[in-house]
Amino acid sequence: MRPLDVEALFPELAAFRGTTTRLHPRPGRPEPSASSVGGPMLWPADEPWPMCDEAHGRGRGRRPADIHRYRQVLAAAWAREQSSGPTQEERELLDDLHRVHRIPGTSDTDPLPMIGLAQFYRRDVPDLAAGPDDCDLLQLFWCPFDAHGPGRYDLNLHLRWRRSWEVAEPLAEPPQPLVVGADCFVPEPCVLHPEQVVTYPFAGLLPEDLCARIDAWETAAEEEAEESADDNTAETPAYQYDLSIPPGWRVGGFASWHLTDPYPMDCLTCTTPMHLLLTIDSSEWDGGSGSWTPLEDRNQATRPCATPTEVAVGRWGELNLFACPTDPEHAHRWSIQ
C-alpha cells in the first residue's frame, strides 16, 4: 500500500497506470520446476548449455564455490547473538576463500559456461511478457565477466524462451565457470514471492505539464516539512521513490531513468518501441525507497533482507531488459541505471 493515493492528487495519471510484478526473492532451495533467482534451471540434457564465445580474459578470478562459502561463513558470524563479527579462525578462512585464483593454460577463447541467473514460469509472474509460440518459461543467463563490447566493460546476456513440458530429461549437473570476474555475478539461490502492484511511468516521460505539476507539488511538500517544528513529521512521499516505480527485482511495468535522461529503446530489427521485460536490481530497497520495504522486514537488519540475491549491477544500480512487443524473438536490449 502506497503512502498516499497519487491519482487523487493527479487524476491524469490514471491514463498511464500500469502493473509490475515484484518478485521478492528470498534465500531458499528452489527446484527446477519453480521460478527462481540463482536456482537450478530446467534445461534439457541433450541441449548445449549457453556459453560465452567472446574473446576476453577468463582465467583469473574467484571460484564460485568459494564465493558461496564466504557468504555463508560471514552471515553465520554476524547472526550469532551479541556477535562482534567473525572469530580469528573465521577471518583466516574468509581470507583464504577471498583469494583470486589463476587457471593455467586458459586462453581468451576457451569455452566459458554462462551462469544461470534466473528463470520465470508464466504461471507465477502475472506481468511476464508473451513468449514465442506459447512458451511458458523464460530463462536468463550471463557471462561472469564484464569484459564485452567495444569498451570491454559491457555485459553478455542470453535469454531463452522454452516450453517447460517439452523437457523430458532435465540436465542434472550444468557446467560451471571455474572462476568469475566478480562475486556479484554469482547469485544466491532464492525462491520468489511474486506480488503484482500498480506502477506509473518515470516522471520525465510524462506530459510536460503534468511532470511540472508533480515537481511543484514535491517542492511545496518539502518546504512545508522543513518549516514544520514537529520532529516526528513523516518524510514527504516522492513520486520517483514512493509513488511510481518500485525498487527491487521485478517483471514488466516501466523502466526508471534516474541515472541518465530517458532515451528511445526501439527494436533494432523492426524499430518498434520496446517494452520493459525485467529489472534486475542490486537491492530490494534503499534509504530513498524505504516505503516499499515489506512489512515483515521493517524491524529487521537491512542488508540481509535488502540484498538477498547478492547480485549487483554496475555501482549498485539496476539492469533493465527490454523486449520487442511485435516479435519476442527479436534481439533484446538493456540499459543500466
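Check the entry above for the structure.
These lines cover the structure that appears in this document, whether it is placed above or below. All of these numbers come straight from a predicted model, not from anything done at the bench.

Counting secondary structure elements, the protein chain contains 6 helices and 16 strands. Since a compact globule built from 337 residues should have a radius of gyration of about 20 Å, the 22 Å found for the protein chain is in line with a globular shape. With the C-alpha coordinates aligned to their principal axes, the bounding extent of the protein chain is approximately 65 × 55 × 40 Å. Buried residues in the protein chain amount to 46% of all 337 residues. Residue pairs at least 24 apart in sequence account for 79% of intrachain contacts in the protein chain once pairs closer than 6 positions are excluded. For the protein chain, the centre of its 27 positive side-chain charges and the centre of its 54 negative side-chain charges are spaced 8 Å apart.

Turning to the nonpolar core, a few remarks are in order. Most often, soluble globular proteins keep nonpolar side chains buried together rather than apart. Among the nonpolar cores identified, the biggest contains 34 residues, and Leu-23, Phe-120, Leu-128, Trp-249, Leu-278 and Ile-280 are the most heavily contacted of them. Looking at this core, the elements with two or more residues in it are β8 (115–121), β9 (137–142), β10 (157–162), β14 (275–281) and β15 (318–323). Tyr-200, Leu-206, Leu-210 and Ile-214 belong to the second-largest nonpolar core, a separate cluster that totals 12 residues.

Below, the discussion takes up helix α3 (residues 88–97). Among all positions of α3, only Glu-90, Leu-94 and Leu-97 are buried. In an axial view of α3, the angular spread of the buried residues amounts to 65 degrees, which keeps them on one side of the axis. α3 presents Gln-88, Glu-89, Glu-92 and Asp-95 as exposed residues on the side facing more than 90 degrees away from its buried surface. Looking at the buried positions of α3, the neighbouring elements they touch are α2 (64–79).

Here α2 spans 23 Å end to end across 16 residues, near enough to the 22 Å set by a 1.5 Å rise per residue. Taken together, the buried positions of α2 are Pro-64, Asp-66, Ile-67, Arg-71, Val-73 and Ala-77. The inward-facing, buried residues of α2 contact α3 and β6 (101–102).

Here the focus is the environment of Asp-209. Mapped onto the secondary structure, Asp-209 falls in helix α4 (residues 208–227). For the pair Asp-209 and Ala-14, spaced 195 residues apart in the sequence, the C-alpha separation amounts to 15 Å.

Here we come to the packing of aromatic side chains. Scanning the entire structure with this criterion turns up 7 aromatic pairs. Consider the rings of Trp-43 and Phe-141, whose centres lie 5.3 Å apart with planes at 80 degrees: the pair is edge-to-face. You can see Trp-43 sitting in the loop between β3 (36–37) and β4 (51–52) and its partner Phe-141 sitting in strand β9, a full 98 residues away along the chain. The same class applies to Trp-43 as to Phe-141, namely buried. Centre to centre, the rings of Trp-257 and Tyr-263 are 4.7 Å apart; their planes meet at 70 degrees, and the pair counts as edge-to-face. Aromatic rings pair up to connect Trp-43, Trp-49 and Phe-141 into one cluster.

Inspection of the entire model under this criterion finds 14 salt bridges. Across the salt bridge formed by Glu-296 and Arg-26, the nearest N and O atoms sit 3.8 Å from each other. Residue Glu-296 is located in the loop between β14 and α6 (302–306), and its partner Arg-26 is located in strand β2 (residues 26–27); the two are separated by 270 residues in the primary sequence. According to the relative accessible area criterion, Arg-26 is partly exposed, its value standing at 24%. Here Arg-62 and Asp-183 are joined by a salt bridge, their closest N and O atoms 3.4 Å apart. You can see Arg-62 sitting in the loop between β5 (60–61) and α2 and its partner Asp-183 sitting in the loop between β10 and β11 (190–191), a full 121 residues away along the chain. For Arg-62, a relative accessible area of 8% translates into the label buried. Several salt bridges share partner residues, and in doing so they unite Arg-26, Glu-296 and Asp-297 into one network.

Cut-offs applied
- Residues numbered from 1 in each chain as written.
- Predicted model: local features only at pLDDT ≥ 70, side-chain atom pairs only at ≥ 80, totals over all residues.
- Heavy atoms only, no water.
- Helix = DSSP H or I, 4+ residues; strand = E, 2+ residues; numbered from the N terminus.
- Rg over C-alpha atoms; globule rule 2.2 N^0.38 Å.
- Buried < 20%, exposed > 50% of the residue type's maximum accessible area, 1.4 Å probe, protein only.
- Contact = heavy atoms within 4.5 Å.
- Lys, Arg positive; Asp, Glu negative; His and termini not counted.
- Charge placed at Lys NZ, Arg CZ, Asp CG, Glu CD.
- Core = buried A, V, L, I, M, F, W, Y, C linked by side-chain atoms within 4.5 Å.
- Arc of directions from axis to C-beta.
- Expected span 1.5 Å × (residues − 1).
- Phe/Tyr/Trp six-rings, centres within 6.5 Å; stacked < 30°, edge-to-face > 60°.
- Salt bridge = Lys/Arg side-chain N within 4 Å of Asp/Glu carboxyl O.

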